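Below are the chains, spelled out letter by letter.
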Amino acid sequence: AQSVTQLDSQVPVFEEAPVELRCNYSSSVSVYLFWYVQYPNQGLQLLLKYLSGSTLVKGINGFEAEFNKSQTSFHLRKPSVHISDTAEYFCAVSGPGGGSEKLVFGKGTKLTVNP
Amino acid sequence: DVKVTQSSRYLVKRTGEKVFLECVQDMDHENMFWYRQDPGLGLRLIYFSYDVKMKEKGDIPEGYSVSREKKERFSLILESASTNQTSMYLCASSFQGRTTEAFFGQGTRLTVV
């Protein structure tokens, strides 16, 4: 069974600083990986996804993530954050096939961008 | 734009009441999901449906049931609400296939008193 570990529950940073949100997964089969963002009082929105091909994936709002198969990681990065990036970020892996295409989520990382 | 609409943003119910949470999607998605979100626990899958009248238990189905009579609508039912079911409930939908993204509703914050 798949599982996802987000190593930091809270990450405070200053505006314009770089940020990395860490995600590790475990799976015995090939994986598809996703990062979602949740702004306060809203549902989740897809930031980016890795399906195959290039291990560096670019998403919306200047975010990118790198798939590292040997380290089973999919860390999210942004070179310079804004106040508006304050949100909770969730890493997810898609479940096994055969009709059970469930997303398994990590516990989330709260990013707080301070002025 | 894909729309997943949950019938209520906020709901307050009494212990023991039967509670219905409704979700409608307008993109003809085959898959629909109900998740529960609690601080520090992330999103946990309650139930999943991959077709009309088809359902599969998720990680925490106890105390919940679901209904999918039409493709666009997926209902979560709390048979007898309890205070430990106070939570944020998120509905999502997707096309079939592991590579497709899920689209989420705005969430229903349920308080059971």
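Our structure's up above, just so we're on the same page.
Everything in this summary refers to the structure shown in the same document. (Residues numbered from 1 in each chain as written. Chains lettered and ligands numbered in written order. Predicted model: local features only at pLDDT ≥ 70, side-chain atom pairs only at ≥ 80, totals over all residues. Heavy atoms only, no water.)

**With respect to the side chain of B:Thr108**
All names here are of chain B.
Right, so step 1: Along the chain, the position of Thr 108 falls in strand β11 (residues 108–112).
Right, so step 2: Exposure remark for Thr 108: the relative accessible area of 2% places this residue in the buried category.
Right, so step 3: Within the structure, Thr 108 has its side chain in polar contact with the side chain of Gln 6 (distance 3.3 Å).
Right, so step 4: Excluding residues that lie within four positions of it along the chain, Thr 108 makes contacts with Gln 6, Ser 8, Arg 9, Leu 11, Leu 21, Ser 87, Met 88 and Tyr 89. (Helix = DSSP H or I, 4+ residues; strand = E, 2+ residues; numbered from the N terminus. Buried < 20%, exposed > 50% of the residue type's maximum accessible area, 1.4 Å probe, protein only. Polar contact = N/O pair within 3.5 Å; in protein donor to acceptor, adjacent residues only side chain to side chain. Contact = heavy atoms within 4.5 Å.)

**Some points on the pattern of salt bridges**
Residue and element names in this part refer to chain A.
Right, so step 1: In total, this model carries 10 salt bridges over all chains according to the counting rule given.
Right, so step 2: Among the ionic pairs, Glu 66 bridges to Arg 77, the shortest N-O distance being 3.4 Å. Taken as a pair, Glu 66 in strand β8 (residues 64–68) and Arg 77 in strand β9 (residues 73–78) lie far apart in primary sequence, 11 residues in all.
Right, so step 3: Taking relative accessible area as the criterion, Glu 66 reaches 33% and is therefore assigned partly exposed.
Right, so step 4: Within the structure, one salt-bridge network assembled from shared partners comprises Glu 20, Glu 66 and Arg 77. (Salt bridge = Lys/Arg side-chain N within 4 Å of Asp/Glu carboxyl O.)

**As for the packing of aromatic side chains**
Residue and element names in this part refer to chain B.
Right, so step 1: Overall, the coordinates contain 14 aromatic pairs over all chains when judged by the stated rule.
Right, so step 2: Taking the centre distance of 4.9 Å and the plane angle of 20° together, the rings of Phe 33 and Phe 48 count as stacked. Residue Phe 33 is found in strand β4 (residues 31–38), and its partner Phe 48 is found in strand β5 (residues 42–51); the two are separated by 15 residues along the sequence. Judged on exposure class, the residue Phe 33 and its partner Phe 48 are both buried.
Right, so step 3: Plain terms: the ring middles of Tyr 64 and Tyr 89 are 6.0 Å apart, the flat faces sit at 65° to each other, and that makes the pair edge-to-face. Taken together, the residues span a long stretch of sequence, with Tyr 64 in strand β7 (residues 64–70) and Tyr 89 in strand β9 (residues 87–94) at a distance of 25 residues.
Right, so step 4: Exposure remark for Tyr 64: the relative accessible area of 8% places this residue in the buried category. (Phe/Tyr/Trp six-rings, centres within 6.5 Å; stacked < 30°, edge-to-face > 60°.)

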